[in-house]
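Residue strings, one per chain:
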Amino acid sequence: MAEAADFPGMTPSPARRWLRRTGALLAGAPLLAGLLQLPATPAQAAGRTSAKEASDAGTVAVTVDSLSPAAPTDGDTLTVSGTVTNKGKQAVTHAHVGLRVGSALTTRSAIDSAAKRSDALSGDDGSEVGGKYVTEFAKLTPGVSEHFSISVPVDKLDLDDDGVYPLGVSLAGETSAQPWEQVLGVQRTFLPWQPEEADTPTRTTVLWPLVSTVHMSAETGSNAQQTPVFLNDDLAEELSPGGRLEQLLSLGRELDVTWVIDPDLLASVDAMTGSYRVRGDGDTTTAGTHQAVAKQWLDELQDAVLGKEVVALPFADPDLASLAHNGTGVAGSLSQLKAATDVAATTVETVLHVTPNTDFAWPVDGAVDPSIVKVATSAGADKVIARSDSLTESGDLTYTPSAARPIGGGTTAVVADARLSTAFKGDQTKASTSTLALQEFLAQSLELTLQTGKQRSVVVAPQRMPTASQARALARAVTTLQGGTWSQSQQLAAAAKAKPDPGAATKVQPKSAYPSSLRKQELPRSAFEQIAYTQDKLDNFKVILANEARVVTPFGRAINREMSTSWRGRSTAASSFRQGVQAYLDTLTGQVKLIDKSETKLSGRSATIPVTVQNNLVQGVDHLILRLTSKNPTRLEISDEAYAEQSVTVSGGHTSTVKFSTSAKVNGQTTVVAQLYTEDGQKYGQEVTFDVRVTEITATVMLVIGGGVLLLVLAGFRMYTQRKRAAAREAAETDDETEEVGEDGAGEAGEPADGPENAGNDENRPEKESGGRAGAADPEQPSDETSDTAVESADPSGTGERVDR
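Residues numbered from 1 in each chain as written. Predicted model: local features only at pLDDT ≥ 70, side-chain atom pairs only at ≥ 80, totals over all residues. Heavy atoms only, no water.

1. Considerations on the sheet that holds strand E1 (residues 60-68)
Here we have 3 strands laid out as an open sheet, ordered E1-E2-E5, and antiparallel in their pairing. Of all strands in the sheet, those with a lone pairing partner are E1 and strand E5 (145-153), marking the two edges. With direction set aside, neighbouring strand axes in the sheet form an average angle of 20°. Taken together, the 8 bridges between E1 and strand E2 (residues 77-86) define a ladder with antiparallel strand orientation. Paired with Ser68 across the bridge in E2 is Thr79. (Pairing = 2+ DSSP bridges. Helix = DSSP H or I, 4+ residues; strand = E, 2+ residues; numbered from the N terminus. Axes fitted to C-alpha atoms, helices over the stretch in contact; angles between N-to-C directions.)

Printed below as a string of structure tokens:
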């Protein structure tokens, strides 16, 4: 058919025309595909690059690990270092890293937006500096990281007026699928530019917190030094070289900052410098061994704060928000805050030998509402460290106002800048993360200064317990500020006294606006109820002690620790600590008690009942009242009343027995209750209940006893007469013998014989001698007095014991 169509004068049929066109298309398809694969012209590539950047950027991860100097001035050379990592599946060729400087940002919110932008480039990122100020890579293998470093004089960056410039670090290259140059990765940061001294530099106050978790228990040794017992050895780890607190100290001592210190931390470290013990498994403790570390840290801190401003938080850093929201309805909770505030200054002065400022209260994250402000100032503080996101600006101001704000009632809110205060939250262990945070911090600080020609006071209040890496990042920022051109250091007290901006917000957000994330971490009401219970028991215990300071001081501080802000997010540990304090107090109070008694029998109308008080404490107890109460006064009367009371004093490690006089009216069993009381009428310890059985003496019993006595008398009289008769017979026999001897003697010697009078005397003499011998030999009689009784046992009396009459 094809041949027929080529002949002149002949036209192909419609079917033939369709077949011819289809064949032509099929034959030209390979040629068209080849033409499409030809390299694009530069103009075409540029157009495609701009179209593809949004989708392809991010194939290579770019990190900036260092940027130096962080705030360059005229004549400086900017060095940017980091790594690039190919995250794709294809190798990147003909790659290079370059710098891009965009137009200056004019507002703080613009900085916020730029920091949140994705990897895709736009016109705001500016053009690449290019030239020799790049780092080239022939090939980037998938999954492999390569280091780069670019140094460029700042005069090559086209930085014009003072301001904050966005700085982009981008990687451009090709892949086998897209063989043209395109941006495959970018990292943005900021470059603050203030080469000359600012006309009105911002006065910046940076808080440098020394706060830790709770480390000491309420338990102390029974020795004179009262050796403290620590919950664990974590504090030693924080104080050791490289530890969090050691890093904070070594960094802070080189900075012009305001030290904000929890006195409990100082007390704990000071306790570690001497003998201390660490709680182990169960009830075991081991001797602490980090005295040298604690002493060195404390010595260095004393040097670091010399001549610096020191603000003391209340002891153990009480959670003001938890107290305001959940504790004010529990009696005595505000008293705990007052006690923690009162002891703060004394602790700091004793340990650091400096006088701290105690006028400031610092709620968690500077979040405040009216109830928190009320509680914070109830203990004497008249300044509250808040944060700017807790106060809503009216919008009338075009700049960030000074920190000081009068919020009514004579209270000043020192409002920390939220952006600067939260710049170093999160993990700062990676160099890239801390570098970006540092540059954003400096950018916000400079932009704040450039907002107006009016000089202002700004406060930076970082997180309460920064990690070592967070502290290092903040220290670099403060060092840059203090060596820069737009900021000057200022103490917190001076910032609080600065003249407030008339248009600044002074209304604290309502309670309903308090962040829910913070509310979830608060101490519950049950915690404050348990604290109140422990305090009541301590108050009842201390009044009986000869030396109450041995108990009141460690337990008072332990109760302060139960309210610590450091328990946020650790509810289980907080509950365990409270229970431990209460259990140990119960153990001590239980050392002073009544010894149990079994049933007692009274065999008469009147008798005494002994009750024994035992004191197993090291110190003596006094001001105790022992009350003995009869449940049936008509049967057993105690001192003409239903009960009787006697004062009790017991030395340490001893017992004391108190005797009560009783009288029985009828026989039978009566229940008697012994209870200790304090002098103010509060019950102390557990009562002891025992039964007293009374046996009445009847007339029949008296007759029997009388008959027995009569028999004893008659028996004695009979024995006496028998002895007299025996003595008379002996005397008569003696007289007969004497008469015979006398007759014989008169005949032989011629001496006169004894007369009747002498014979009578002779008769009396043997009787007396005989009586004397009998008295010496007679056995002890039942009516004779017994010897001294044995020392009274402190053990419970035996069943059926009889009391002294």
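2. Some details on the packing of aromatic side chains
The full count for this structure, using the stated rule, is 5 aromatic pairs. Centroid distance Phe230 to Tyr276: 5.1 Å. Interplanar angle 65°. Geometry classified as edge-to-face. Placement of Phe230 in strand E10 (residues 228-230) and of Tyr276 in the loop between helix H7 (263-272) and strand E12 (277-279) is noted, with a sequence separation of 46 residues between them. Here Phe230 falls in the buried class, since its relative accessible area comes to 1%. According to the relative accessible area criterion, Tyr276 is buried, its value standing at 1%. On the basis of an interplanar angle of 20° and a centroid distance of 6.4 Å, the ring pair of Phe541 and Tyr684 is categorised as stacked. One end of the pair, Phe541, is in helix H17 (residues 525-542); the other, Tyr684, is in strand E29 (residues 683-694), and 143 residues separate them in sequence. Seen from the ring of Phe315, Arg557 lies directly overhead, with NZ or CZ sitting 5.5 Å from the centre. Here the basic side chain of Arg627 rests over the ring of Tyr677, its NZ or CZ set 4.4 Å away from the ring centre. (Phe/Tyr/Trp six-rings, centres within 6.5 Å; stacked < 30°, edge-to-face > 60°. Buried < 20%, exposed > 50% of the residue type's maximum accessible area, 1.4 Å probe, protein only. Lys NZ or Arg CZ within 6 Å of the ring centre and 35° of its normal.)

3. Thoughts on the pattern of salt bridges
Inspection of the entire model under this criterion finds 20 salt bridges. For Arg464, the salt bridge is made with Asp317, and the minimal N-O distance between the two is 2.6 Å. One end of the pair, Arg464, is in the loop between strand E19 (457-460) and helix H14 (468-482); the other, Asp317, is in the loop between strand E14 (310-312) and helix H9 (320-327), with 147 residues separating them in the sequence. Across this residue pair, the class does not change: Arg464 and Asp317 are buried. A salt bridge links Arg387 to Asp389, with the shortest nitrogen-to-oxygen separation between them at 3.1 Å. Accessibility expressed as a relative area gives 13% for Arg387, which makes it buried. Of the residues examined, Asp389 reaches a relative accessible area of 42% and is grouped as partly exposed. Several salt bridges converge on common partners, so that one network encompasses Arg117, Asp125 and Arg188. (Salt bridge = Lys/Arg side-chain N within 4 Å of Asp/Glu carboxyl O.)

4. Some words on the sheet that holds strand E6 (residues 163-174)
Spatially, E4-E3-E6-E7 is the arrangement adopted by the 4 strands of the open sheet, whose pairing is antiparallel. The open sheet has two edge strands with one neighbour each: strand E4 (135-140) and strand E7 (182-193). Sheet twist, expressed as the average angle between the axes of neighbouring strands with direction ignored, equals 20°. Relative to E6, strand E3 (residues 92-101) is paired through 7 bridges, and the arrangement is antiparallel.

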